[in-house]
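# Examining the three-dimensional arrangement
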Amino acid sequence: NAGVMQNPRHLVRRRGQEARLRCSPMKGHSHVYWYRQLPEEGLKFMVYLQKENIIDESGMPKERFSAEFPKEGPSILRIQQVVRGDSAAYFCASSPRDRNTGELFFGEGSRLTVL
Amino acid sequence: AQSVAQPEDQVNVAEGNPLTVKCTYSVSGNPYLFWYVQYPNRGLQFLLKYITGDNLVKGSYGFEAEFNKSQTSFHLKKPSALVSDSALYFCAVRDDTGGFKTIFGAGTRLFVKA
């Protein structure tokens, strides 16, 4: 059973470009979470999605950031017009349906560097 | 609102000695508590969790944690540290009010010296 797959593992963008980060949850998992980890800091919750629904986006910046989890295909975190402050590791995690007592399963992360 | 505090940025311990990594939390309902470990340039790995029942929970790699409701704490412990335990440790909390959002502490870096 493959784990949570994130790609790309490393992404370099210039200021003003767009970054797209992809996450395929574990097989059978229908809940996806995105977290951001700044250097030497903890994980900050960004968004929680189920298939075709955004459930909680309280941690997402109001501008330039968006997330989706379509019926088919991976979840995508999209950052438009990136700025240097967006440089961070972005982690995706998944969990099974209807188990809010369960732990999260994390991917290896996508490390975004904005030049 | 949920919150987690890890009061120590770093913990240093000699190999073979016991280790403790501290965590306190705040939630509206009953807490679901978790510990994760992160090695350099890797994702987080689940270590153990407290949902209900026995206050002392055992997890992977010989780690255990004690839930203390009156002190709202969930400290991570290991009787005998290994150099390979050196990593970044995160405490996390979710509550039982139906939400799925897990909140993480800032992390504690553990250094185990040979």
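Data block above holds the structure.
A short tour of the structure in this document, coming up. (Residues numbered from 1 in each chain as written. Chains lettered and ligands numbered in written order. Predicted model: local features only at pLDDT ≥ 70, side-chain atom pairs only at ≥ 80, totals over all residues. Heavy atoms only, no water.)

### As for the interface of chain B and chain A
- If you look at the interface, chain B gives 24 residues, while chain A gives 24 residues.
- When the two sides are added together, the surface that chain B and chain A hide from each other amounts to roughly 1,900 Å², 51% of it contributed by carbon and sulfur.
- Run the count over chain B and chain A and you get 3 salt bridges.
- In this structure, the salt-bridge partner of E108 of chain A is R42 of chain B, at a minimum N-O distance of 2.5 Å.
- When contributions to the side of chain B that touches chain A are tallied by element, the ones reaching two or more residues are β5 (31–38), β6 (44–50) and β10 (87–95) of chain B.
- Here the residues of the side of chain B that touches chain A are counted per class, giving 11 nonpolar, 7 polar and 6 charged. (Contact = heavy atoms within 4.5 Å. Buried area = accessible area lost by both parts, 1.4 Å probe. Salt bridge = Lys/Arg side-chain N within 4 Å of Asp/Glu carboxyl O. Helix = DSSP H or I, 4+ residues; strand = E, 2+ residues; numbered from the N terminus. Nonpolar A, V, L, I, M, F, W, Y, C, P; charged D, E, K, R; others polar.)

### Structural notes on the pattern of salt bridges
- Going through the model one piece at a time under the given rule, you end up with 9 salt bridges over all chains.
- Salt-bridge contacts for E18 of chain A lead to R78 of chain A; the nearest nitrogen and oxygen are separated by 2.9 Å. Taken together, the residues span a long stretch of sequence, with E18 of chain A in the loop between β2 (10–13) and β3 (19–24) and R78 of chain A in strand β8 (residues 75–79) at a distance of 60 residues.
- Classification of E18 of chain A by relative accessible area gives partly exposed; the value is 30%.
- Under the relative-accessibility criterion, R78 of chain A is labelled partly exposed at 27%.
- Notably, a salt bridge pairs E64 of chain B with K58 of chain B, separated by 2.9 Å at the nearest N-O pair.
- Classification of E64 of chain B as buried rests on a relative accessible area of 18%. (Buried < 20%, exposed > 50% of the residue type's maximum accessible area, 1.4 Å probe, protein only.)

### Regarding the pairing of strand β4 (residues 29–37) of chain A
Residue and element names in this part refer to chain A.
- Within β4, 9 of the 9 residues are buried, which leaves it mostly tucked inside the rest of the structure.
- Across 7 bridges, β4 lies against strand β5 (residues 43–50) in antiparallel orientation. By the bridge assignment for β5, W34 is matched with V47.
- Between β4 and the antiparallel strand that follows it, β5, lie 5 residues; E40 among them carries a positive phi value of about 60°. (Pairing = 2+ DSSP bridges.)

### Considering the layout of surface pockets
- By volume, the largest pocket amounts to about 530 Å³.
- Taken together, 23 residues make up the lining of the largest pocket; nearest its centre are Q37 and E40 of chain A together with Q38, L88 and R109 of chain B.
- Considering each element in turn, the lining of the largest pocket owes the most residues, 3 residues, to strand β11 (residues 110–114) of chain A.
- Looking at the lining of the largest pocket residue by residue, the classes come out as 10 nonpolar, 8 polar and 5 charged.
- As a volume, the second largest pocket reaches approximately 220 Å³.
- Along the walls of the second largest pocket sit 13 residues, with F105 and F106 of chain A together with L44, Q45 and F46 of chain B positioned nearest its centre.
- Looking at the lining of the second largest pocket, its residues break down into 7 nonpolar, 3 polar and 3 charged. (1 Å grid on protein atoms, 1.4 Å probe; cavity = no way out; pocket = protein on both sides within 12 Å on 5 of 7 lines; lining within 4 Å. Points joined across faces, edges and corners; volume = space filled by probe spheres on them.)

### Focus: the nonpolar core
- With 28 residues, the main nonpolar core has W35, L47, L48, F74, L76 and Y89 of chain B as its most contacted residues.
- Those elements that provide at least two residues to this core are β2 (10–14), β3 (19–21), β5, β6, β8 (64–68), β9 (73–78), β10 and β12 (108–113) of chain B.
- What F74 of chain B contacts, discounting residues up to four positions off in sequence, is C23, L33, F34, W35, L48, K49, Y50, V57, A65, E66 and F67 of chain B.
- In this structure, V32, I79, L112 and V114 of chain A belong to the second largest nonpolar core, which totals 23 residues. (Core = buried A, V, L, I, M, F, W, Y, C linked by side-chain atoms within 4.5 Å.)

### Description of the sheet that holds strand β7 (residues 65–68) of chain A
All names here are of chain A.
- Across the sheet, which stays open at both edges, the 4 strands sit in the order β1-β3-β8-β7 with antiparallel pairing between neighbours. Each edge of the open sheet carries a strand with a single partner, namely β1 (5–7) and β7. Strand-to-strand twist across the sheet, computed as the mean angle between neighbouring axes with direction ignored, equals 15°.
- Alignment of β1 against β3, held across 3 bridges, turns out to be antiparallel. Counted as the bridge partner of M5 is S24 from β3. (Axes fitted to C-alpha atoms, helices over the stretch in contact; angles between N-to-C directions.)

### Overview of the environment of P61 of chain A
- Within the fold, P61 of chain A resides in the loop between β6 (53–56) and β7.
- Note: C-alpha distance between P61 of chain A and K44 of chain A (17 residues apart in sequence) is 11 Å.

### Some details on the pairing of β3 of chain A
All names here are of chain A.
- Only one face of β3 is covered, namely the one carrying A19, L21 and C23; the face carrying R20, R22 and S24 has none of its residues buried.
- Where β3 lies against β8, 5 bridges are found, and the strand directions are antiparallel. When the bridges of β8 are listed, A19 appears paired with I79.

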